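Working through the structure, step by step
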Amino acid sequence: MSRIYYFCDKLNCEINMANDNLNKSKRETFIEKYRSHRPELPEDDEEAMYGALSEDFDEYDRQMSDLRASNDKYKKDQDDFLKAIASNPDNARYIEGMMNGEDWLSTSIAIHGYDGLIDYLSSEEAREKYKEADAKHKAQLAKSEELDKESAANAEKTDADIAAAIESGRFTREQYEEALGELFDITDGLELNVCKPEWIEMVIAAKNHDTDMEKAREEGRKSGRNEGLEANLAKRRKSSAPAGGPQMPVNMGGRTSGEKQKRGSSIADLLNIS
């Protein structure tokens, strides 16, 4: 009997829930459904709910705008591609050959024949027609050779500089390899328009370090000059002080008794700075 009562109670609960849902207004149904998607919203706070709705609609509008822009771009790319294929009756065969894994030369021979292709490429008409393309190819080859030579020279100097830095104790071989790996990650990322905030922080920290080091060196130079000046002042005071009795401070406008200032003497002379 207990099991029968259990199933009856469960059935009554489901019927009551169904009746409650039927009796709910559309507003109540919407709010309940929306709150199930945004459980972080506080209960009985309509301002928070309407604020969240506004944010959701703004995000929806942004996504729809991006989607429309993407669709327009895809449509334009598709139209341009179809126009390019239709511009020459053989283009479709080249595309078909590429899709089937054939190389372009095999497709060209299938279209024009081996002898026909050789005869045409050997003609003055072809030489004149493709003269500009051939010049670009030769320029690219020359540029590649120049870059290869420069790269080889740079690599030789880099190896020597790194070896000297490791030998002098600036960093270890392990530190060099780890840092080099991070630099490669940065260059690879930048080629793909990836720039991580920590990369910027690393550059800023390195720049600040160089600035701090230069500031410390400058302060050290100033400190050294001040110490030398104070030593000369002390030497001047000692040599010019009379036996017993007070004396006027140096550079305060007075002279000790019996001392005559030389006319035209320089500051260096007065301070005994050699």
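Check the entry above for the structure.
What this report covers is the structure whose coordinates are included nearby. Because the structure is predicted, anything quoted here is derived from the model rather than measured. (Residues numbered from 1 in each chain as written. Predicted model: local features only at pLDDT ≥ 70, side-chain atom pairs only at ≥ 80, totals over all residues. Heavy atoms only, no water.)

**Section: the overall build of the protein**
Definition in use: A run of DSSP states H or I qualifies as a helix once it reaches four residues; a run of E qualifies as a strand once it reaches two. Both are numbered from the N-terminal end. When a residue's accessible area, from a 1.4 Å probe over protein chains only, is under 20% of the maximum for its type it is buried; when over 50% it is exposed; and in between it is partly exposed. Contact definition: two residues touch when any of their heavy atoms are within 4.5 Å.
Regarding its fold elements, the protein presents 11 helices and 0 strands. When the helices and strands of the protein are read in sequence order from the N terminus, they spell out α-α-α-α-α-α-α-α-α-α-α. Relative to its 274 residues, the protein shows a buried fraction of 9%. Within the protein, contacts between residues separated by at least 24 positions form 11% of all contacts whose residues are at least 6 apart in sequence.

**Considerations on the side chain of Thr107**
Mapped onto the elements of the fold, Thr107 is located in helix α5 (residues 104-112). Exposure remark for Thr107: the relative accessible area of 5% places this residue in the buried category. Each residue touching Thr107, except ones within four places of it in the same chain, is listed here: Arg93, Tyr94, Gly97 and Glu102.

**Thoughts on the packing of helix α3 (residues 46-86) against helix α4 (residues 91-99)**
Just so we agree on the cut-off: Between N-to-C directions, angles cover 0 to 180 degrees, with each direction set by a line fitted to C-alpha atoms, over the stretch in contact for helices. Should an angle fall under 35 degrees it is taken as roughly parallel, and over 145 as roughly antiparallel, whereas 65 to 115 is taken as roughly perpendicular and any remaining angle as oblique. Under this grouping Gly is polar, as are all residues other than the nonpolar Ala, Val, Leu, Ile, Met, Phe, Trp, Tyr, Cys and Pro and the charged Asp, Glu, Lys and Arg.
Where α3 contacts α4, the axes come no closer than 7 Å and their chain directions differ by 115°. As summarised for this structure, α3 and α4 are arranged roughly perpendicular, according to the angle between their axes. Side by side, α3 and α4 meet where Phe81, Ala84 and Ile85 of the first sit next to Asn91, Ala92 and Ile95 of the second. In the contact of α3 with α4, the residues fall into 5 nonpolar, 1 polar and no charged.

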